[in-house]
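Spelled out from the first residue to the last, the chains are:
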Amino acid sequence: MGLHAIPTTSAFWDDAPLATDRLIGAEGQGLQIAFSALDSGRLGVAACATGLAQAALDAATAYPHERTTFGRRIIDHQGLGFLLADMAAAVDSARATYVDAARRRDHGRPYTRQASVAKLTATDAAMKVTTDAVQVFGGYGYTRDFPVERYMREAKIMQIFEGTNQIQRLIISRQLAH
Ligand SMILES: Cc1cc2nc3c(=O)[nH]c(=O)nc-3n(C[C@H](O)[C@H](O)[C@H](O)COP(=O)(O)OP(=O)(O)OC[C@H]3O[C@@H](n4cnc5c(N)ncnc54)[C@H](O)[C@@H]3O)c2cc1C
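Cut-offs used in this document
- All residue numbers refer to position in the chain's written sequence, counted from 1.
- Local features are withheld for residues below a pLDDT of 70 in this predicted model, meaning they are given only at 70 or higher, and side-chain atom pairs are given and counted only at 80 or more; totals for whole chains, interfaces and linings count all residues.
- Side-chain numbers here rest on the full set of heavy atoms in the structure, without hydrogens or water.
- Secondary structure elements are taken from DSSP: a helix is a run of H or I of four residues or more, a strand is a run of E of two residues or more, and numbering for both begins at the N terminus.
- Neighbouring residues are identified by heavy atoms, a residue being near a molecule or strand if any of them is within 4 Å of it.
- Whenever a nitrogen or oxygen atom comes within 3.5 Å of another N or O atom, the pair is scored as a polar contact, on the condition that within protein one atom can donate a hydrogen and the other can accept it, and that pairs from neighbouring residues in sequence are kept only if both atoms are in side chains.
- Areas reported as accessible are Shrake-Rupley estimates using a 1.4 Å probe. Residue values count occlusion only from the protein chains shown.
- Lys, Arg, Asp and Glu make up the charged group, whereas Ala, Val, Leu, Ile, Met, Phe, Trp, Tyr, Cys and Pro make up the nonpolar group; the residues left over, Gly among them, are polar.
- UniProt positions are given in the numbering used here, feature names are shortened, and annotations may be inferred rather than shown by experiment.
- Each reported salt bridge corresponds to a side-chain nitrogen of Lys or Arg within 4 Å of a carboxyl oxygen of Asp or Glu.
- Relative accessibility under 20% of the residue-type maximum defines a buried residue, over 50% an exposed one, and the middle range a partly exposed one, all with a 1.4 Å probe and only protein chains included.
- By convention a nonpolar core is built from buried Ala, Val, Leu, Ile, Met, Phe, Trp, Tyr and Cys residues, the set being connected through side-chain atoms within 4.5 Å.
- Any two of the Phe, Tyr and Trp rings considered here, Trp counted by its six-membered ring, make a pair once their centres fall within 6.5 Å; the pair's planes then place it as stacked at under 30 degrees, edge-to-face at over 60, or tilted in between.

### Brief notes about unusual backbone geometry
Here comes step 1: Positive phi, close to 50°, is recorded for L3, a residue that is not glycine.
Here comes step 2: Structurally, L3 can be placed in the segment before α1 (30–66).
Here comes step 3: Positive phi values are uncommon outside glycine, yet E162 reaches one of about 60°.
Here comes step 4: Turning to its location among the elements, E162 is positioned in the loop between α4 (148–158) and α5 (165–177).

Written out as structure tokens, the structure reads:
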């Protein structure tokens, strides 16, 4: 569907020998170390998703200045203006959540919950904002003449990888239950 610039495949390491001097951390701690790496990975996905949503918002804000219907620029139709306002609110909210998590990380504070909130918020925002951007372009949005259809396709994977957004909710609820 998207991410055409990178190949996607499965990798297996069954019965692969590993020298003890190649261990990072103590034996038996591997899963914990892998999980902690996911926290910062989620921050990266949240930042990418916010950038993607911002690009869709930029495109969707520029186009209605040019396109006219019923004798007016479409940006002057309140129904479309409110859609753009919701898109801007979603982008700004996404940015705020990942910056909050990133600041915690930079200060050495726990940020597992904030990283999951950022990943969930930013990727759901990216999915909605890119879909709405296609709507703003009308029929042209569905074609490959404009970049917004690709933005929409790229957004979907972000809700899935680095832990699906259902799993982010699981992490957040477990953190709240601590
Ligand atoms: C393009 C692409 C790139 C990828 N890159 C990487 C990579 O670099 N490294 C890597 O390790 N993996 C990568 N993946 C794998 C990706 O992380 C997994 O696809 C993702 O974690 C979901 O796992 P799954 O596909 O097995 O779905 P499943 O686990 O089968 O989930 C199916 C559905 O059930 C839901 N679900 C599952 N368990 C629960 C639960 N407990 N509670 C509620 N809902 C649940 C899921 O949210 C999802 O909606 C990539 C996948 C793709 C498509």
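### So, the site of the ligand
Here comes step 1: Taken together, L3, T8, I157, I160, F161, E162, T164, Q166 and I167 make up the full set of residues near the ligand.
Here comes step 2: Note that an oxygen atom of the ligand is positioned 2.6 Å from one of the side-chain N or O atoms of T164.
Here comes step 3: In the environment of the ligand, an oxygen atom lies 2.7 Å from a nitrogen or oxygen atom belonging to the side chain of Q166.
Here comes step 4: Out of a free accessible area of 970 Å², the ligand has 33% covered by protein chains.
Here comes step 5: The class makeup of the residues in the shell around the ligand is 5 nonpolar, 3 polar and 1 charged.

### Quick look at the UniProt feature "domain: Acyl-CoA dehydrogenase/oxidase C-terminal" (unreviewed entry) in the protein chain
Here comes step 1: Mapped onto the present numbering, the UniProt feature "domain: Acyl-CoA dehydrogenase/oxidase C-terminal" (unreviewed entry) falls on residues 28–176.
Here comes step 2: Between the end C-alpha atoms of residues 28–176 the distance is 26 Å, and the span holds 77% helix and 3% strand.

### Side note on the pattern of salt bridges
Here comes step 1: Counted under the stated rule, the structure contains 7 salt bridges.
Here comes step 2: The salt bridge involving D76 is made with R73; its shortest N-O contact spans 3.1 Å.
Here comes step 3: Residue D76 is classed as partly exposed on the basis of its relative accessible area of 36%.
Here comes step 4: With its nearest N and O atoms 3.4 Å apart, the salt bridge here joins D124 to R169. Remark: R169 occurs in helix α5 and D124 occurs in helix α3 (residues 112–136); sequence separation between them is 45 residues.
Here comes step 5: With a relative accessible area of 27%, D124 lands in the partly exposed category.
Here comes step 6: Judged by its relative accessible area of 42%, R169 is partly exposed.
Here comes step 7: Within this structure, R144, E149 and R153 form a network of salt bridges that share partners.

### Considerations on the nonpolar core
Here comes step 1: Grouped together as the largest cluster of nonpolar side chains are 30 residues, with contacts concentrated most on A60, M87, V129, A133, V136 and V148.
Here comes step 2: Sorting the residues of this core by element identifies α1, α2 (78–106), α3 and α4 as the ones contributing at least two each.
Here comes step 3: Looking at this core element by element, the count peaks at 10 residues for α1.

### Thoughts on the packing of aromatic side chains
Here comes step 1: On inspection of all chains with the given rule, the structure shows 4 aromatic pairs.
Here comes step 2: Ring centres of Y63 and F137 lie 4.3 Å apart, and the angle between their planes is 15°; this geometry places the pair in the stacked category. With Y63 in helix α1 and F137 in the loop between α3 and α4, the pair connects residues that are 74 residues apart, well separated along the chain.
Here comes step 3: Owing to a relative accessible area of 7%, Y63 belongs among the buried residues under this scheme.

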